[in-house]
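Descriptive structure summary
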Amino acid sequence: MDLDRGIVQIDEMERHQEFVPYITLKSNVAYPIWHGIYCRCYRMQSKSYEGATMCDLWLNDKELFVEWYNASYYECNGDSMAVDKDLLVPGNKEYAPDKCCILPQTINTMLSNCKKHRLSYYKKSKMELPLGVRHSQGMGMYYGEIKPFGYDEVVRLLYWKNSEDAFSEYKKHKQADILIMADKYKSKIPKYIYDALVRYEVQPYNEN
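Residues numbered from 1 in each chain as written. Predicted model: local features only at pLDDT ≥ 70, side-chain atom pairs only at ≥ 80, totals over all residues. Heavy atoms only, no water.

**Considering the nonpolar core**
- Core analysis: the biggest nonpolar cluster contains 45 residues, and Trp58, Phe65 and Leu197 have the highest contact counts within it.
- Elements represented by at least two residues in this core include exactly α2 (30–42), α4 (62–72), β2 (81–84), β4 (101–104), α5 (105–112), β6 (141–146), α6 (163–184) and α7 (191–199).
- Per-element accounting of this core gives the leading share, six residues, to α6.
- Beyond its immediate sequence surroundings of up to four residues, Trp58 is in contact with Trp34, Leu64, Phe65, Trp68, Tyr95, Ala96, Pro97 and Cys100. (Core = buried A, V, L, I, M, F, W, Y, C linked by side-chain atoms within 4.5 Å. Buried < 20%, exposed > 50% of the residue type's maximum accessible area, 1.4 Å probe, protein only. Helix = DSSP H or I, 4+ residues; strand = E, 2+ residues; numbered from the N terminus. Contact = heavy atoms within 4.5 Å.)

So, in C-alpha coordinates, the structure goes:
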(Lines give C-alpha, C1' and ligand atoms only; values in the text may rest on other atoms or scores of the structure.)
Protein backbone atom coordinates (compact mmCIF):
# COMPACT_ATOMS: atom_id res chain seq x y z
CA MET A 1 0.00 0.00 0.00
CA ASP A 2 2.90 2.36 0.80
CA LEU A 3 4.37 1.63 -2.62
CA ASP A 4 1.04 2.35 -4.26
CA ARG A 5 0.72 5.65 -2.40
CA GLY A 6 4.29 6.70 -3.22
CA ILE A 7 5.32 6.80 0.43
CA VAL A 8 8.30 4.46 -0.22
CA GLN A 9 10.28 3.55 -3.32
CA ILE A 10 11.01 0.00 -4.46
CA ASP A 11 14.76 0.36 -3.89
CA GLU A 12 14.11 1.37 -0.29
CA MET A 13 12.50 -1.96 0.56
CA GLU A 14 15.76 -3.93 0.25
CA ARG A 15 14.10 -6.68 -1.75
CA HIS A 16 15.64 -8.46 -4.71
CA GLN A 17 14.00 -10.29 -7.56
CA GLU A 18 15.27 -13.85 -8.00
CA PHE A 19 14.82 -15.46 -11.37
CA VAL A 20 14.42 -19.22 -11.28
CA PRO A 21 14.66 -20.95 -14.68
CA TYR A 22 11.59 -23.00 -15.45
CA ILE A 23 12.53 -26.43 -16.69
CA THR A 24 10.44 -27.40 -19.68
CA LEU A 25 10.29 -30.44 -21.89
CA LYS A 26 12.42 -28.65 -24.45
CA SER A 27 15.04 -27.27 -22.06
CA ASN A 28 15.73 -30.44 -20.05
CA VAL A 29 17.89 -32.95 -21.91
CA ALA A 30 16.61 -35.78 -19.71
CA TYR A 31 13.26 -35.89 -21.53
CA PRO A 32 14.65 -36.74 -24.99
CA ILE A 33 16.99 -39.24 -23.31
CA TRP A 34 13.96 -40.94 -21.73
CA HIS A 35 12.30 -41.01 -25.14
CA GLY A 36 15.42 -42.51 -26.71
CA ILE A 37 15.51 -45.30 -24.13
CA TYR A 38 11.80 -45.95 -24.64
CA CYS A 39 12.29 -46.26 -28.40
CA ARG A 40 15.23 -48.65 -27.97
CA CYS A 41 13.15 -50.86 -25.70
CA TYR A 42 9.79 -50.85 -27.44
CA ARG A 43 10.05 -49.49 -30.98
CA MET A 44 13.43 -50.27 -32.51
CA GLN A 45 14.00 -53.66 -34.09
CA SER A 46 17.66 -53.81 -33.04
CA LYS A 47 19.27 -57.04 -31.90
CA SER A 48 21.56 -55.00 -29.66
CA TYR A 49 18.55 -54.11 -27.49
CA GLU A 50 16.55 -57.31 -27.92
CA GLY A 51 14.72 -58.01 -24.66
CA ALA A 52 15.54 -54.61 -23.16
CA THR A 53 12.83 -53.06 -20.99
CA MET A 54 12.23 -49.99 -18.86
CA CYS A 55 11.19 -50.44 -15.22
CA ASP A 56 7.58 -49.58 -14.34
CA LEU A 57 8.66 -46.52 -12.32
CA TRP A 58 10.31 -44.87 -15.31
CA LEU A 59 7.89 -46.25 -17.87
CA ASN A 60 4.82 -44.87 -16.10
CA ASP A 61 6.33 -41.63 -14.80
CA LYS A 62 9.06 -39.99 -16.84
CA GLU A 63 9.44 -37.34 -14.13
CA LEU A 64 11.01 -40.00 -11.90
CA PHE A 65 13.56 -40.71 -14.62
CA VAL A 66 14.29 -36.99 -14.90
CA GLU A 67 14.85 -36.77 -11.14
CA TRP A 68 17.24 -39.74 -11.24
CA TYR A 69 19.08 -38.37 -14.26
CA ASN A 70 19.56 -34.92 -12.77
CA ALA A 71 20.72 -36.38 -9.44
CA SER A 72 23.15 -38.80 -11.14
CA TYR A 73 24.46 -36.47 -13.83
CA TYR A 74 28.03 -35.21 -13.83
CA GLU A 75 30.25 -33.67 -16.47
CA CYS A 76 33.51 -35.11 -17.75
CA ASN A 77 35.75 -32.70 -19.64
CA GLY A 78 33.11 -31.90 -22.24
CA ASP A 79 32.50 -35.55 -23.17
CA SER A 80 28.88 -36.35 -24.00
CA MET A 81 27.21 -38.53 -21.36
CA ALA A 82 25.18 -41.71 -21.85
CA VAL A 83 22.82 -43.79 -19.70
CA ASP A 84 24.31 -47.29 -19.39
CA LYS A 85 22.46 -50.39 -18.20
CA ASP A 86 25.25 -52.98 -18.49
CA LEU A 87 28.18 -51.90 -16.32
CA LEU A 88 26.76 -52.15 -12.79
CA VAL A 89 24.75 -55.35 -13.34
CA PRO A 90 26.33 -57.72 -15.90
CA GLY A 91 23.74 -59.22 -18.23
CA ASN A 92 21.12 -56.67 -17.18
CA LYS A 93 18.34 -55.88 -19.66
CA GLU A 94 16.26 -53.46 -17.59
CA TYR A 95 16.66 -49.71 -17.45
CA ALA A 96 16.07 -49.00 -13.76
CA PRO A 97 17.47 -46.54 -11.18
CA ASP A 98 19.32 -49.22 -9.21
CA LYS A 99 20.80 -50.85 -12.32
CA CYS A 100 21.84 -47.91 -14.49
CA CYS A 101 24.54 -45.29 -14.34
CA ILE A 102 25.72 -42.35 -16.41
CA LEU A 103 28.99 -42.81 -18.29
CA PRO A 104 31.12 -40.63 -20.54
CA GLN A 105 30.31 -41.68 -24.09
CA THR A 106 33.94 -42.66 -24.65
CA ILE A 107 33.76 -45.31 -21.93
CA ASN A 108 30.26 -46.39 -22.97
CA THR A 109 31.44 -46.94 -26.54
CA MET A 110 34.52 -48.84 -25.40
CA LEU A 111 32.39 -51.26 -23.39
CA SER A 112 29.98 -51.91 -26.24
CA ASN A 113 32.18 -51.89 -29.35
CA CYS A 114 32.68 -55.66 -29.51
CA LYS A 115 30.75 -57.26 -32.37
CA LYS A 116 29.52 -60.80 -32.83
CA HIS A 117 31.04 -62.59 -35.82
CA ARG A 118 29.51 -65.68 -37.35
CA LEU A 119 31.28 -68.52 -39.12
CA SER A 120 30.27 -68.05 -42.74
CA TYR A 121 29.51 -71.75 -43.26
CA TYR A 122 27.43 -71.89 -40.06
CA LYS A 123 25.16 -68.96 -40.87
CA LYS A 124 22.07 -71.11 -41.24
CA SER A 125 22.52 -72.65 -37.79
CA LYS A 126 23.51 -69.22 -36.42
CA MET A 127 26.53 -70.54 -34.56
CA GLU A 128 28.42 -67.55 -33.22
CA LEU A 129 32.02 -66.78 -32.44
CA PRO A 130 33.03 -65.30 -29.08
CA LEU A 131 33.24 -61.53 -28.90
CA GLY A 132 36.32 -60.10 -30.55
CA VAL A 133 37.15 -63.36 -32.34
CA ARG A 134 37.39 -63.86 -36.09
CA HIS A 135 37.90 -66.96 -38.21
CA SER A 136 40.30 -67.27 -41.11
CA GLN A 137 38.86 -69.68 -43.64
CA GLY A 138 42.12 -69.72 -45.56
CA MET A 139 44.16 -70.82 -42.53
CA GLY A 140 41.36 -72.66 -40.77
CA MET A 141 42.30 -70.89 -37.53
CA TYR A 142 40.93 -68.29 -35.14
CA TYR A 143 42.30 -64.96 -34.00
CA GLY A 144 41.26 -61.94 -31.96
CA GLU A 145 41.09 -58.33 -33.06
CA ILE A 146 41.09 -55.27 -30.82
CA LYS A 147 41.30 -51.53 -31.36
CA PRO A 148 42.93 -50.15 -28.20
CA PHE A 149 41.72 -46.80 -26.94
CA GLY A 150 43.52 -43.96 -28.66
CA TYR A 151 44.66 -46.08 -31.62
CA ASP A 152 43.36 -45.64 -35.15
CA GLU A 153 44.31 -49.11 -36.32
CA VAL A 154 42.92 -52.52 -35.38
CA VAL A 155 45.45 -54.87 -33.81
CA ARG A 156 45.32 -58.49 -34.96
CA LEU A 157 46.27 -60.98 -32.24
CA LEU A 158 47.78 -64.46 -32.57
CA TYR A 159 46.25 -67.38 -34.49
CA TRP A 160 44.77 -70.27 -32.50
CA LYS A 161 43.35 -73.67 -33.35
CA ASN A 162 40.12 -73.02 -31.44
CA SER A 163 37.95 -70.00 -30.70
CA GLU A 164 38.21 -70.42 -26.92
CA ASP A 165 41.96 -69.78 -26.91
CA ALA A 166 41.55 -66.86 -29.30
CA PHE A 167 38.95 -65.33 -27.00
CA SER A 168 41.13 -65.89 -23.92
CA GLU A 169 43.89 -63.81 -25.51
CA TYR A 170 41.42 -61.17 -26.69
CA LYS A 171 39.91 -60.96 -23.20
CA LYS A 172 43.30 -60.22 -21.60
CA HIS A 173 43.94 -57.36 -24.01
CA LYS A 174 40.41 -55.97 -23.74
CA GLN A 175 40.31 -55.97 -19.95
CA ALA A 176 43.75 -54.35 -19.84
CA ASP A 177 42.36 -51.62 -22.11
CA ILE A 178 39.39 -51.16 -19.77
CA LEU A 179 41.69 -50.87 -16.72
CA ILE A 180 43.79 -48.23 -18.47
CA MET A 181 40.63 -46.31 -19.35
CA ALA A 182 39.37 -46.59 -15.75
CA ASP A 183 42.61 -45.09 -14.43
CA LYS A 184 42.52 -42.36 -17.07
CA TYR A 185 39.06 -41.29 -15.88
CA LYS A 186 39.51 -42.11 -12.18
CA SER A 187 39.49 -38.50 -11.00
CA LYS A 188 36.58 -37.58 -13.27
CA ILE A 189 34.00 -40.32 -12.57
CA PRO A 190 32.21 -41.39 -9.35
CA LYS A 191 34.05 -44.01 -7.30
CA TYR A 192 31.32 -46.63 -7.71
CA ILE A 193 31.68 -46.39 -11.49
CA TYR A 194 35.46 -46.67 -11.27
CA ASP A 195 35.12 -49.73 -9.02
CA ALA A 196 32.68 -51.30 -11.48
CA LEU A 197 35.12 -50.74 -14.36
CA VAL A 198 37.92 -52.39 -12.39
CA ARG A 199 35.67 -55.42 -11.71
CA TYR A 200 34.36 -55.59 -15.28
CA GLU A 201 34.81 -59.00 -16.91
CA VAL A 202 34.58 -59.42 -20.67
CA GLN A 203 32.25 -62.27 -21.59
CA PRO A 204 32.53 -64.42 -24.73
CA TYR A 205 28.87 -63.98 -25.63
CA ASN A 206 27.15 -60.70 -24.90
CA GLU A 207 23.57 -61.31 -23.77
CA ASN A 208 22.64 -57.65 -23.81
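**Observations concerning the side chain of Asn108**
- For Asn108, the location among the structural elements is in helix α5.
- In contact with Asn108, other than residues within four places in its own chain, are Ala82, Asp84 and Leu103.

**Structural notes on the packing of aromatic side chains**
- Summed over the entire model, instances satisfying the criterion amount to nine aromatic pairs.
- Judged by centre distance (5.5 Å) and plane angle (10°), the ring pair of Trp34 and Tyr38 falls under stacked. Of this pair, Trp34 and Tyr38 both sit in helix α2, separated by four residues, roughly a single helical turn.
- When the centroid spacing of 4.9 Å and the interplanar angle of 85° are considered together, the rings of Trp58 and Phe65 count as edge-to-face.
- Assessed through its relative accessible area of 2%, Trp58 is described here as buried.
- Residue classification places Phe65 among the buried positions, given a relative accessible area of 0%.
- In this arrangement the basic side chain of Lys62 is found over the ring face of Trp34, its NZ or CZ atom lying 4.4 Å from the centre.
- If you follow Arg156 out to its NZ or CZ, it ends over the ring of Tyr143, 4.2 Å from the centre. (Phe/Tyr/Trp six-rings, centres within 6.5 Å; stacked < 30°, edge-to-face > 60°. Lys NZ or Arg CZ within 6 Å of the ring centre and 35° of its normal.)

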